[in-house]
Amino acid sequence: MKVDFEKVNGLVPAVIQDAETAKVLMLGYMNEEALEKTEAEGKVTFFSRTKNRLWTKGEESGNFLLVKEILNDCDNDTLLIKVKPVGPTCHKGTDTCWGEENTTNLNFIEHLAKTIHDRVVEDDPKSYTNKLIKRGINKVAQKVGEEAVEVVIEAKDDNTELFLNESADLLYHYLVLLEAKGHTLTDVVDVLRSRHK
């Protein structure tokens, strides 16, 4: 990764985003040394413009930002750092520096869909997902039908744990069916969006 630190007087903005929820948590600045330390230690370190020194987020509070991925923008002068936050990000005690709650976990569905795709591409013989798809579209569709029936049965009872577990099974198998048919959840969302008035 080639970051152009000289373009902006030795500092580049670093947008901090939760890797799971995709919420923007904060904005900081990095010099070359801060980026090197971040990459080496796996915890986000900034260059503090007020303290005029390196500053690892969480060095006093323990609310570290654990690095999952670092991306450089198209102009090589802004970083996007995807993290797993340990505790609230803002020094005021909120999840983000904009006071937003960092609660959604729907991005995990995209992660799961990608994992399903990867299992098929890698042709992993130990993978349940890969084995199911290799059994053919009829078997995949049958599994979705079975899981849907189980969700309906559990919906009529009062056992929340069983209902949620069967719902998770249904969603997983539906994602496998989409993969088997060569589609993504985004395709389905596009249809829903087109119907939305």
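Reading the values: the criteria
- Position numbers for residues count from 1 along each chain, tracking the sequence in the order it is written.
- This being a predicted model, a pLDDT of at least 70 is required before a residue's local features are given, and a value of 80 or more before pairs of side-chain atoms are given or counted; all residues contribute to the totals for chains, interfaces and linings.
- Water and hydrogen atoms were dropped before computing side-chain values, which therefore reflect all heavy atoms in the structure.
- UniProt positions are given in the numbering used here, feature names are shortened, and annotations may be inferred rather than shown by experiment.
- Each helix is a run of DSSP H or I of at least 4 residues and each strand a run of E of at least 2, with the numbering of both proceeding from the N terminus.
- DSSP calls a pair of strands paired once it identifies at least 2 bridges connecting them.
- Note on method: axes are straight lines fitted to C-alpha atoms, helices fitted across the in-contact stretch only, with angles between N-to-C directions ranging 0 to 180 degrees.
- Note on ring pairs: Phe, Tyr and Trp rings are taken, using the six-membered ring of Trp, and paired if centres are within 6.5 Å. Classes follow the plane angle, with under 30 degrees stacked, over 60 edge-to-face and the rest tilted.
- For the exposure calls, accessible area comes from a 1.4 Å probe over protein chains only, and a residue counts as buried if that area is under 20% of its type's maximum, exposed if over 50%, partly exposed in between.
- As used in this structure description, the phrase polar contact means that two N or O atoms lie within 3.5 Å; if the pair is within protein, one of them must be able to donate a hydrogen and the other to accept it, and residues adjacent in sequence are counted only when both atoms belong to side chains.
- By definition in these notes, contact holds between two residues if any of their heavy atoms fall within 4.5 Å.
- Note that the arc is computed from the directions linking the helix axis to the C-beta atoms.
- A patch consists of residues whose relative accessible area exceeds 30% and which take part in no salt bridge; residues with like charges are grouped when within 9 Å of each other, and nonpolar side chains (Val, Leu, Ile, Met, Phe, Trp, Tyr) when within 5 Å.
- Exposure was quantified through the Shrake-Rupley algorithm and a 1.4 Å probe, taking into account, for residues, occlusion by the shown protein chains and nothing else.
- The rule for a salt bridge is simple: a side-chain nitrogen of Lys or Arg has to be within 4 Å of a carboxyl oxygen of Asp or Glu.
- The scheme is simple: roughly parallel for angles under 35 degrees, roughly antiparallel for over 145, roughly perpendicular for 65 to 115, oblique for anything else.
- Note: crossing handedness is left-handed where the near helix turns anticlockwise from the far helix by less than a right angle, and right-handed where it turns clockwise.
- Asp, Glu, Lys and Arg are counted as charged, while Ala, Val, Leu, Ile, Met, Phe, Trp, Tyr, Cys and Pro are counted as nonpolar; the rest, among them Gly, fall into the polar class.

Looking at an unreviewed UniProt entry, the protein carries the name Histidine biosynthesis bifunctional protein HisIE, with the source organism given as Persicobacter psychrovividus.

Novice: How do you make sense of the UniProt feature "domain: Phosphoribosyl-AMP cyclohydrolase" (unreviewed entry) in the protein when you look at a structure like this?
Specialist: Within this structure's numbering, the places UniProt gives as "domain: Phosphoribosyl-AMP cyclohydrolase" (unreviewed entry) are residues 26-98. Helix makes up 14% of residues 26-98 and strand 38%. Its end C-alpha atoms lie 8 Å apart.

Novice: What is the right way to look at the environment of Arg119 in this model?
Specialist: Note that Arg119 resides in helix α2 (residues 107-122). Measuring from C-alpha to C-alpha, the distance between Arg119 and Leu175 comes to 13 Å, with 56 residues separating the pair along the chain.

Novice: Honestly, the sheet that holds strand β2 (residues 24-30) in this entry has me stumped. Any pointers?
Specialist: Hydrogen bonding along the main chain pairs the strands of a sheet, whether they run parallel or antiparallel. If you walk across this open sheet you meet the four strands as β2-β1-β6-β5, and the pairing is mixed. Each edge of the open sheet carries a strand with a single partner, namely β2 and β5 (65-72). If you compare each strand with its neighbour and ignore which way they point, the axes differ by 25° on average. By the bridge criterion, seven bridges tie β5 to strand β6 (residues 79-85) in an arrangement that is antiparallel. Its bridge partner lying in β6, Val67 is registered against Val83.

Novice: Quick question: what am I supposed to make of the packing of aromatic side chains here?
Specialist: When we look at a pair of aromatic rings, we describe it by the centre distance and by the angle of the planes. By the definition in use, this model includes two aromatic pairs. Look at Phe46 and Trp55: their rings are 5.4 Å apart centre to centre, the planes differ by 25°, and that puts the pair in the stacked class. In this structure Phe46 comes out as buried when scored by relative accessible area, which is 1%.

Novice: Which parts of the structure should I look at to understand the side chain of Ser48?
Specialist: Note that Ser48 resides in strand β3 (residues 45-48). A polar side-chain atom of Ser48 sits 3.0 Å from the main-chain amide nitrogen of Lys51. Those residues in contact with Ser48, other than ones at most four positions away along the chain, are Arg53 and Trp55.

Novice: Help me understand helix α1 (residues 32-41) in this model?
Specialist: Each α-helix turn comprises 3.6 residues. Residues three or four places apart therefore point the same way. For α1, the set of buried residues is Ala34, Leu35 and Thr38. In a view along the axis of α1, the buried residues occupy a sector of 100°, so they form one face of it. On its buried face, α1 sits against β2, β3, β4 (53-56), β5 and β6. Once α1 finishes, Gly42 follows within two positions and takes phi at roughly 75°, a positive value.

Novice: Got a minute to help me understand a nonpolar patch on the surface in this structure?
Specialist: Together, Val24, Leu27 and Trp98 make up a nonpolar patch on the protein surface, roughly 290 Å² of accessible area in all. Relative to the helices and strands, Leu27 resides in strand β2. A relative accessible area of 42% means that Leu27 is categorised as partly exposed.

Novice: For this particular structure, what's the right way to read unusual backbone geometry?
Specialist: One can expect most non-glycine residues to show negative phi and most peptide bonds to be in trans. Non-glycine residue Asn52 carries a positive phi angle of around 55°. Position of Asn52 relative to the elements: it lies in the loop between β3 and β4. Positive phi, normally seen in glycine, also occurs at Asp123, with a value near 55°. Within the fold, Asp123 resides in the loop between α2 and α3 (128-134).

Novice: When you look at the packing of helix α4 (residues 137-155) against helix α5 (residues 160-180) in this model, what are you seeing that I'm missing?
Specialist: A pair of packed helices is captured by two measures, namely the crossing angle of their axes and the spacing between those axes. Close contact between α4 and α5 brings their axes to 8 Å; oriented N to C, the two are set at 160°. What the angle tells us is that α4 and α5 run roughly antiparallel. Here α4 and α5 pass one another in a crossing that is left-handed. Counting all contacts with α4, which are made through Ile137, Val140, Ala141, Lys143, Val144, Glu147, Ala148, Glu150, Val151, Glu154 and Ala155, the residues of α5 involved are Leu162, Phe163, Glu166, Ser167, Asp169, Leu170, His173, Tyr174, Val176, Leu177 and Ala180. Split into classes, the residues belonging to the contact of α4 with α5 amount to 14 nonpolar, two polar and six charged.

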